[in-house]
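Structure assessment
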Amino acid sequence: MHSIATALHTVNQQIIQAAEEFNRTAARIQLLAVSKTQPTAAILAAIDCGQRHFGENYLQEALTKIEALKEYPLEWHFIGALQSNKTRAIAEHFQWLHTLDSHKQAQRLNEQRPESLPPLNVCIQVNISEEPQKAGVNLAELTPLAETVAELPRLRLRGLMTLPAYSAHFEQQRRPFRQLHQAYDQLQSTGLTLDTLSMGMTDDMKAAIAEGSTMLRIGTAIFGRRPQKT
Ligand SMILES: *Cc1c(COP(=O)(O)O)cnc(C)c1O
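Residues numbered from 1 in each chain as written. Predicted model: local features only at pLDDT ≥ 70, side-chain atom pairs only at ≥ 80, totals over all residues. Heavy atoms only, no water.

Further remarks concern unusual backbone geometry. Notably, Thr-37 is not glycine yet its phi reads approximately 65°, a positive angle. When you line up the elements, Thr-37 lands in the loop between β1 (30-34) and α2 (40-48). Residue Thr-37 is classed as buried on the basis of its relative accessible area of 18%. Notably, Glu-130 is not glycine yet its phi reads approximately 50°, a positive angle. Looking at the secondary structure, you find Glu-130 in the loop between β5 (120-126) and α6 (139-151). Overall, the relative accessible area of 57% leaves Glu-130 in the exposed class. (Helix = DSSP H or I, 4+ residues; strand = E, 2+ residues; numbered from the N terminus. Buried < 20%, exposed > 50% of the residue type's maximum accessible area, 1.4 Å probe, protein only.)

This brings us to the layout of surface pockets. The volume enclosed by the largest pocket comes to roughly 620 Å³. In this structure, the largest pocket is lined by 30 residues; those nearest its centre are Lys-36, Leu-163, Met-201, Arg-217 and Arg-226. Those elements that provide at least two residues to the lining of the largest pocket are α7 (170-189) and β8 (215-218). A per-element tally of the lining of the largest pocket places α7 first, with three residues. The residue inventory of the lining of the largest pocket, partitioned by class, reads twelve nonpolar, eleven polar and seven charged. (1 Å grid on protein atoms, 1.4 Å probe; cavity = no way out; pocket = protein on both sides within 12 Å on 5 of 7 lines; lining within 4 Å. Points joined across faces, edges and corners; volume = space filled by probe spheres on them. Nonpolar A, V, L, I, M, F, W, Y, C, P; charged D, E, K, R; others polar.)

Taken together, 13 residues surround the ligand, and among them Lys-36, Asn-57, Thr-202, Thr-220 and Arg-226 come closest. Backbone polar atom of Gly-219 to an oxygen atom of the ligand: 2.8 Å apart, as the coordinates give it. Thr-220 has a polar side-chain atom sitting 2.6 Å from an oxygen atom of the ligand. Protein chains shield 91% of the accessible area of the ligand, which is 390 Å² for the free molecule. Taking a 2 Å distance to the grid points as the criterion, the majority of the atoms of the ligand fall inside the largest pocket. Taken together, the residues of the shell around the ligand break down into six nonpolar, four polar and three charged. (Near = heavy atom within 4 Å. Polar contact = N/O pair within 3.5 Å; in protein donor to acceptor, adjacent residues only side chain to side chain. Areas by Shrake-Rupley, 256 points an atom, 1.4 Å probe, with all protein chains shown as cover. Sits in = over half its atoms within 2 Å of the grid points.)

What follows deals with the nonpolar core. By size, the foremost hydrophobic cluster in this structure holds 61 residues, and its most contacted members are Phe-54, Leu-109, Ile-124, Val-149, Leu-160, Leu-216 and Ile-222. Beyond its immediate stretch of four places on either side in the chain, Leu-109 contacts Leu-82, Thr-87, Ile-90, Ala-91, Leu-97, Leu-100, Leu-120 and Leu-155. Membership of the second largest hydrophobic core comes to seven residues, among which are Leu-32, Trp-96, Met-161 and Met-215. (Core = buried A, V, L, I, M, F, W, Y, C linked by side-chain atoms within 4.5 Å. Contact = heavy atoms within 4.5 Å.)

Here it is as structure tokens:
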């Protein structure tokens with residue numbers, strides 16, 4: 001049987017080890033547990049081990065879980081595809097959005113974020129490997145979008161997110177993460193204050209840590225293989 005407690009402990013140990021190896025402060029690397037397609041019971045098992053940040057991709061499924069777990073002090077991160085008909089629910093129910101990639105969606109979210117809540121934390125998704133099938137802005141579009149988001153009072157620009165092209169090789173995995181980190185440094189040099197590099201998943205976590213990730217989005221290594229979506 002897959003034990004979530006054991007797996008979560010192992011992942012946290014791996015983060016500490018990789019941080020040591022690459023001269024990073026482990027406390028500056030947050031673990032986002034990606035719970036898409038997993039039942040509420042699996043999330044509860046992670047909560048029992050002290051996990052508080054959860055990432056979800058599918059809005060309806062996420063809203064059900066958020067409601068079921070509302071007594072717990074959790075932070076919910078939307079990391080799925082962003083469509084216009086979803087922005088209102090995201091603005092109302094999530095603390096973070098990792099997949100912003102358009103001015104129009106930024107404006108909508110800003111208008112829809114309830115006044116009773118703090119600003120929505122936002123990462124801009126960058127299509128760093130420039131894959132046509134993937135969401136995200138390219139590097140040329142990044143600065144103008146970041147400037148727009150930074151001006152919106154109901155959004156708080158925290159940083160950048162990427163989902164790079166797949167590679168099984170450590171050095172190849174590092175390259176896109178390094179590029180994202182450079183784009184992040186460049187934005188900061190224009191005067192924006194950022195603190196989040198959302199990069200690294202189960203298969204490229206160590207490469208992401210080596211290149212400065214501050215938020216790992218890990219699903220499979222914590223919860224096991226996902227049931228196939230039909
Ligand atoms: C599913 C997903 C993850 C987690 O992937 P694993 O390989 O299971 O760790 C991370 N980020 C995004 C955007 C995802 O959709």
